[in-house]
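Structural characterization, general
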Amino acid sequence: MCDNSFDIVFVTPSMAPELRQESIGTLILAQKAVESKYKVAIVRFWEANRTDYNTFANEICERIFSYMPKIVSFYCRESEYHILIDLAKRIKKVSPITTIVFGGPQAELTAEDTLMSFSCVDYICCGEGENTIVPLLDMILNKNNCTEHTITGLVYRDAECNIVKNRLPELLPDNYTRSFLYYDLVPKNIIRNSKSVTIDVGRGCPFSCTFCSTKTFWKQKFRLRDLSDTIFEINYVVNHFGNNLFSFSHDLFTVNKNRVLDFCFQVKELAHDVKWTCSARIDCVDEDLIESMASSGLVGIYYGVETGSSRMQNLINKRLNIQRCVEIVKCSIKNNVYVTTSFIYGFPDETYDDLNKTLGLMHQLMSIGANVQLHYLSFEKGSKLFESYKQELSYNTSEQTNLLGVKELSQEIQQHPELFPTFWNYTTKLRTEMKFLKNIHEIGREYHETYLILISMLIKKGLDYVGAYKLLIELIQDSLVRFEQDNVVIKKSICYFLFEKIISRLSTHSEYRITESETSLLKTTLLNGNL
């Protein structure tokens, strides 16, 4: 009789049918399993209805059970970890014999705590899994004589229920190659409808910023994939799917200047007009490198700046030169590269003056054409900041309640702060006062010109940057609080309404009243932003 069951189902928290939402790591592991003759399927979150959490969870479990899997493997990120644990519970309740495996950054960072707290999880795989996945499947499915203690990176319970953590597998070396591609595992409509294709070009960051957890699992070991291997994959995608825009998956592509210049030369030799984007540090590029990358197809670059305060740059161990940030962004834009810069606010030691400098630098970069992101600091498991402040974190009932499953699983989240730190908050006066700063900035990004003019007007009226943003928060805080309570996603139409409200209230403000001509200018640019 034919066995219709699948050996393993991989589950990924991909929220939309887009290639950029795919987990490259999961695709690599799944393809390794396929090449070893295992029967494999992938279930993605977007396949289920997300109108309410229970409907979603039931539909995902139904999808998983439709494959009758022997093993279910979850790719775990921090923002969905509560959901993945709940899904594991539901699967074990229906099918206790199904083996549950967790992998990915959040599972690795919380491996021992997870196994101690949740019996539904059988194994957690830590480290890079390319050389672990097949021995693990062989062991679970009795394909050879290997045992749990021989699988590198495996964390599990022994016969006495003690947690055992095997040594980590060796990280892939610099200049690593991959002998296979995984595009057959991606639904063809996703590839066909994707504006860009994300590809693995390397791993690891050699730096150690205090807010970041990647140094914990990448061990600060920077590696680039073999350039000819990367070029082969680019050619394959262009020839088979017609996509010619690539997003390079690497926290820090430009550390080795000579390797990047070599890559630029090889890209120029291609018969196709290839465009690409990457991430870099301000101090890991220079004008010559930017010009070379731009001439070889670079169209977008992401710089993590984090703060405009030199004092905070040192405290968070980022140590960027602020003036150099401006110069590099200007150079990138001059070379027709779309620049995204990322900032973080809410650091425990951040002062009013520090934040004022950050907002000033953000305004300066927006004024010269950069896309500026702003994030409210969360304390990532595995980061130095989390280890320093974990005893002082408190559960924040209002933060991120619009995320899937947070309300329904809040009791579990509150019981395990070590597993779900993204939902916990550190309180300072400045963090509390500026809680809605990120919302003001997101509203402003939808109407960029109006936003810049408005901030400049308030600065001319005698406010500093923090003061200007505090005023904007005050003007629409009633709406922001209501939207947060009702889990309203602030779309462009709502941004327009909020800007109208800001302009109306400023036009009659007792201290910072805007003139009729200023009101007219703001309304005109706001209308133009809808065209």
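The sections below set out a description of the structure shown in this document. Starting from 1, residues in each chain are numbered consecutively following that chain's sequence as written. Per-residue local features of the predicted model are confined to residues with pLDDT of at least 70, and side-chain atom pairs are confined, for both listing and counting, to 80 or more; whole-chain, interface and lining totals are unaffected and use all residues. Calculation of side-chain values draws on the structure's entire complement of heavy atoms; hydrogens and water are dropped beforehand.

What follows deals with the overall build of the protein chain. Each helix is a run of DSSP H or I of at least 4 residues and each strand a run of E of at least 2, with the numbering of both proceeding from the N terminus. Across its full length, the protein chain carries 22 helices and 17 strands. For 531 residues, the compact-globule estimate of 2.2 N^0.38 gives 24 Å, and the protein chain sits close to it at 25 Å. Summarising its shape, the C-alpha atoms of the protein chain cover approximately 80 × 55 × 40 Å along the three principal directions. For every residue, the accessible area obtained with a 1.4 Å probe (protein chains only) is divided by the maximum for its type, and the residue is called buried under 20%, exposed over 50%, and partly exposed between those limits. By the burial criterion, 56% of the 531 residues in the protein chain qualify as buried. Contacts were defined at the residue level, with two residues in contact if any of their heavy atoms lie within 4.5 Å. Looking at the protein chain alone, contacts between residues at least 24 apart form 73% of all its contacts between residues at least 6 apart. If you sum the accessible surface of the protein chain, you get close to 23000 Å²; carbon and sulfur atoms cover 49% of it. Charge separation in the protein chain, taken as the distance between the mean sites of 58 positive and 64 negative side-chain charges, equals 2 Å. Between the two quantities, the radius of gyration covers C-alpha atoms and the globule rule is 2.2 Å times the number of residues to the power 0.38. All accessible areas in this document rest on Shrake-Rupley with a 1.4 Å probe, and a residue is counted as covered only by the protein chains that are shown. Charged-residue counts in this description rest on Lys and Arg as positive and Asp and Glu as negative, His and the chain ends being excluded. To locate a charge, the coordinates of NZ of Lys, CZ of Arg, CG of Asp or CD of Glu are taken.

In this section: unusual backbone geometry. With glycine set apart, most residues show a phi of negative sign, and most peptide bonds adopt trans. The phi dihedral of Q220 is positive, around 55°, even though this residue is not glycine. Summarising the element assignment, Q220 is placed in the loop between α8 (214-218) and β10 (223-224). What makes Q220 partly exposed here is its relative accessible area of 36%. For N317, which is not glycine, the phi dihedral falls at a positive 65°. Tracing the chain through its elements places N317 in the loop between α12 (310-315) and α13 (322-334).

The buried count for helix α6 (residues 133-140) comes to seven of eight residues, which makes it a mostly enclosed element. Turning to α6, its buried residues are I133, V134, L136, L137, D138, M139 and I140. Summarising the contacts, the buried residues of α6 are in contact with β1 (8-12), α1 (24-35), β3 (71-75), β4 (99-103), β5 (123-125) and β6 (154-157). A positive phi of about 60° marks N142, the residue just after α6.

A few words on helix α21 (residues 492-506). Between its first and last C-alpha, α21 extends 21 Å over 15 residues, near the 21 Å set by a 1.5 Å rise per residue. Those residues of α21 that sit buried are I494, C495, Y496, L498, F499, K501, I502, I503 and L506. Looking at the buried residues of α21, the elements they touch are α18 (437-446), α19 (448-460), α20 (465-485) and α22 (516-528). Each helix should span, by expectation, one fewer than its residue count multiplied by 1.5 Å.

In this section: the layout of surface pockets. A pocket, in this scheme, is an open set of points on a 1 Å grid over the protein atoms alone with protein on both sides within 12 Å along at least 5 of 7 lines, while a cavity is a set where a 1.4 Å probe fits but cannot get out; residues line either one if an atom lies within 4 Å of a point. Grid points are joined across faces, edges and corners, and a volume is the space filled by probe spheres set on the points. Here the second largest pocket defines a volume of roughly 180 Å³. Taken together, K32, E35, S36, E130, N131, L172, Y176, T177, R178, S179, F180 and R203 make up the lining of the second largest pocket. Gly counts as polar in this scheme, as do all residues outside two lists: the nonpolar Ala, Val, Leu, Ile, Met, Phe, Trp, Tyr, Cys and Pro, and the charged Asp, Glu, Lys and Arg. Taken together, the residues that form the lining of the second largest pocket break down as three nonpolar, four polar and five charged.

Before going further, it helps to examine the pattern of salt bridges. Whenever Lys or Arg places a side-chain nitrogen within 4 Å of a carboxyl oxygen from Asp or Glu, that contact is recorded as a salt bridge. Enumeration over the complete set of coordinates arrives at 37 salt bridges. Across the salt bridge formed by R203 and D200, the nearest N and O atoms sit 3.4 Å from each other. On the accessibility criterion, R203 (10% relative accessible area) is buried. Taking relative accessible area as the criterion, D200 reaches 3% and is therefore assigned buried. Shared partners join several salt bridges into a network, and the residues in it are E128, E130, R178, D200, R203, R223, R225, D229 and E233.

What follows concerns the pairing of strand β13 (residues 298-306). Burial within β13 is extensive, with seven of its nine residues counted as buried. One ladder, built from five bridges, connects strand β12 (residues 275-280) with β13; its direction is parallel. Bridge assignment links S279 to a residue of β13, and that residue is Y302. On the question of chirality, the crossover connecting β12 to the parallel β13 by way of helix α11 (residues 287-295) is right-handed. At least two DSSP bridges between two strands are required for those strands to pair. In the sheet, β13 pairs with strand β14 (residues 338-345) via six bridges, with the strands oriented parallel. Orient the strands so they point away from the viewer, and a crossover whose first-strand-to-second-strand path over the helix runs clockwise is right-handed.

Another point: the nonpolar core. What makes a nonpolar core is a set of buried Ala, Val, Leu, Ile, Met, Phe, Trp, Tyr and Cys residues whose side-chain atoms join them at distances within 4.5 Å. Core analysis: the largest hydrophobic core is formed by 123 residues, its most contacted members being F246, F248, W276 and Y303. The element best represented in this core is α20, accounting for 11 residues. Look past the residues within four positions of Y303 in its chain and what remains in contact with it is A280, R281, I282, V285, I290, I328, V329, S332, V339, T340, T341 and S342. Of all hydrophobic cores here, the second largest spans 57 residues; its members include V9, I83, M312 and Y426.

With that settled, the discussion passes to the side chain of S213. Mapped onto the secondary structure, S213 falls in the loop between β9 (202-203) and α8. When its relative accessible area of 8% is taken as the criterion, S213 is described as buried. Not counting chain neighbours up to four residues away, the residues in contact with S213 comprise L109, E380, K381, G382 and S383.

Turning our eyes to something else, we now look at the sheet that holds β5. Taken in spatial order, the seven strands line up as β2-β1-β3-β4-β5-β6-β7 in an open sheet, and their pairing is mixed. Looking at which strands have only one partner, the edges of the open sheet turn out to be β2 (40-44) and β7 (163-165). Each strand of the sheet is rotated relative to its neighbour by a mean of 20°, with strand direction disregarded. In the packing of helix α2 (residues 53-65) onto the sheet, contacts are made with β1, β2 and β3, and the angle to β2 comes to roughly 170°. In this description, a line fitted to the C-alpha atoms serves as the axis of each element, helices being fitted only across the stretch in contact, and the angle between N-to-C directions of two axes falls anywhere from 0 to 180 degrees.

Mapped onto the elements of the fold, K381 is located in the loop between β15 (371-376) and α15 (384-389). K381 sits 37 residues away from E418 along the chain, and the two C-alpha atoms are 7.2 Å apart. If near-sequence neighbours (up to four positions away) are discounted, K381 is found in contact with E78, Q106, L109, T110, D113, S213, F386, E418 and P421. Only 2.4 Å separates the side chain of K381 from the side chain of E418, close enough to count as a polar contact. N or O atoms closer than or at 3.5 Å make up a polar contact, with two conditions inside protein: a donor-capable atom paired with an acceptor-capable one, and, for residues adjacent in sequence, both atoms drawn from side chains.

Moving on: the packing of α2 against helix α3 (residues 81-94). As a packed pair, α2 and α3 sit with axes 10 Å apart at the nearest point and diverge in direction by 55°. Taken together, the axes of α2 and α3 lie oblique to each other. α3 is crossed by α2, and the crossing has right-handed handedness. Listed contacts from α3 to Y53, N54, F56, A57, N58, I60, C61, I64 and F65 of α2 are I83, D86, L87, R90, I91 and V94. Here the residues of the contact of α2 with α3 sort into 11 nonpolar, two polar and two charged. Orientation labels follow simple angle bins: below 35 degrees gives roughly parallel, above 145 gives roughly antiparallel, 65 to 115 gives roughly perpendicular, and whatever is left gives oblique. By definition, turning the near helix anticlockwise from the far helix through less than a right angle yields a left-handed crossing, and turning it clockwise yields a right-handed one.

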